[in-house]
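Structure assessment
Given next are the chains, with one letter for each unit.
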Amino acid sequence: MIDLSRVLAGPYCTMVLADLGAEVIKVERPGSGDETRSWGPPFAGGEAAYYLSVNRGKRSCAIDLSQEEGRALALELCAGAEAVIENFKVGGADRLGVGYEQVRERNPAVVYCSITGFGSRREPPGRPGYDFVAQAESGLMSITGPAEGPPFKAGVALVDVLAGLHAAVAIAAGIGAGAGARIEVPLLDAGLAGLVNVAQNALVTGRAPERHGNAHPNIVPYQDFETASGRIAVAAANDGLFAAMCRVLGTDELARDERFATNPARVENRAELIPLLAERLRERPAEEWVEALDGAGVPVGKVRSVPEALAAAAAAGRPATATVEHPTAGALELVASPIWGPTDAAPATAPPLLGEHTEAVLRELGRTDGEIAALLERGVAAQAGA
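Residues numbered from 1 in each chain as written. Predicted model: local features only at pLDDT ≥ 70, side-chain atom pairs only at ≥ 80, totals over all residues. Heavy atoms only, no water.

Considering the packing of aromatic side chains
Our working definition: A pair of aromatic rings is counted whenever rings of Phe, Tyr or Trp (Trp by its six-membered ring) have centres within 6.5 Å, and the orientation is called stacked for planes under 30 degrees apart, edge-to-face for over 60 and tilted otherwise. What counts as a helix is a DSSP run of H or I of at least four residues, what counts as a strand is a run of E of at least two, and both are numbered from the N terminus. Partly exposed describes any residue whose relative accessible area lies between the buried limit of under 20% and the exposed limit of over 50%, with all areas from a 1.4 Å probe on protein chains only and scaled to the type maximum. Note on geometry: a ring has a charge over it if NZ (lysine) or CZ (arginine) is within 6 Å of the ring centre and within 35 degrees of the ring normal.
All told, the structure shown has two aromatic pairs when counted by the stated rule. Pairing Trp-39 with Tyr-50 gives two aromatic rings, centres 5.1 Å apart and planes at 85°, and the pair type is edge-to-face. Of this pair, Trp-39 sits in the loop between strand 2 (24-28) and strand 3 (43-44) while Tyr-50 is found in helix 2 (residues 49-52), placing the two residues 11 residues apart along the sequence. For Trp-39, a relative accessible area of 32% corresponds to the partly exposed category. When the ring centre of Phe-118 is taken as origin, the NZ or CZ atom of Arg-127, which lies over that ring, is 4.0 Å away. Above the plane of the ring of Trp-289 lies Arg-284, whose end atom (NZ or CZ) is 4.4 Å from the centre.

What follows is the structure in structure tokens.
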């Protein structure tokens, strides 16, 4: 698989596929490479944490696509690949000689995926997009944050991640079909699809959804609460779970109250119910409530910081991280694949240095050592450490 993408959505897609066994060659610009290599601090061994987060399991080949020789090399790589992914501005890959038609001419069975901002068939054409803009334009930002105050973006580039996952699924399906495919995944569409029930609420009612902070528009109680020692998240998503929650809290009368006996009633009377639950939950520490509610089968969890969450996952018996040996950072801890199964038997390799595998990849294309040396000397390609 040839990865012509950079930043997050495309590299996330190819990292997922690498986790599942794909051989991924990441083609980067000599000198600077993927923009995320400079998106720091923090850095580890000179590599930005942002870049490290989405590029494990790949090889890096630094080729200058602004030079005709470089474009020819990239097209040659694409000609031998099962799949190619790019996220240039619409039309950019064509101008560089690695667009779909140019690749398909030499590789009719290629699965070619473009991740775009707003889609190649929307007006105005070629509109660029980043996750932040897509969160705004998709409506995701409008439903995120407290009821009073401005909208907020999600704390992570969620639209990029969704687009990357959709692209990975589509590429895998295209390879499985075996007939080649032309795929496009716009960030806007990934953001809109990710609204799921909230978008459907708007379609059914014709009204803009309201912001509920950490609460749920359709389920009550389904939110965080303050306790005597921090916050907990409670997801009493049906009437039985609500009754079980009330038993633990010692407020059985609330489950029998007609205002709260069913979920539709609880949604209608949210303003009356939540303060009653909040008052009770403030009386005991988070750890006690989590143990008691979990014991009663009510989905519950502590609101943790990221370091706390990673440590808790490891303490529970399934670490969420894996350690790889990086050429400049040494032993490097990375967030691991969440897929339990095939990835257990295929430990990840470290995110590559810029151009770390250029010479090896060019040899695989049949170039001799002399030819490779000449390409490096002319700046058509670059090798890490050369």
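Description of the sheet that holds strand 14 (residues 381-382)
The line we're drawing: Pairing between two strands requires that DSSP report at least two bridges joining them. Contact criterion: two residues are considered in contact whenever any of their non-hydrogen atoms come within 4.5 Å of each other. Lines fitted to C-alpha atoms define the axes here, with helix axes fitted over just the stretch in contact, and angles between the N-to-C directions of these axes take values from 0 to 180 degrees.
Spatial strand order, 8-7-6-1-2-5-14: seven strands in an open sheet with mixed pairing. The open sheet has two edge strands with one neighbour each: strand 8 (181-186) and strand 14. Sheet topology note: the strand 2/strand 5 (residues 58-63) ladder contains five bridges and is parallel. Bridge assignment links Glu-28 to a residue of strand 5, and that residue is Ala-62. Lying over the sheet, helix 3 (residues 68-79) contacts strand 1 (2-3), strand 2, strand 5 and strand 6 (83-86), oriented at roughly 150° with respect to strand 5.

Remarks on the pattern of salt bridges
Short version of the rule: Salt bridges are counted wherever a side-chain nitrogen of Lys or Arg sits within 4 Å of a carboxyl oxygen of Asp or Glu.
Taken as a whole and assessed by the stated rule, the structure comprises 22 salt bridges. In this structure, Lys-26 engages Asp-34 in a salt bridge whose closest nitrogen and oxygen atoms are separated by 2.9 Å. One salt bridge connects Asp-369 with Arg-363, and the closest N-O pair in it is separated by 3.0 Å. On the accessibility criterion, Arg-363 (41% relative accessible area) is partly exposed. One network of salt bridges, in which partners are shared, links Glu-23, Arg-59 and Glu-364.

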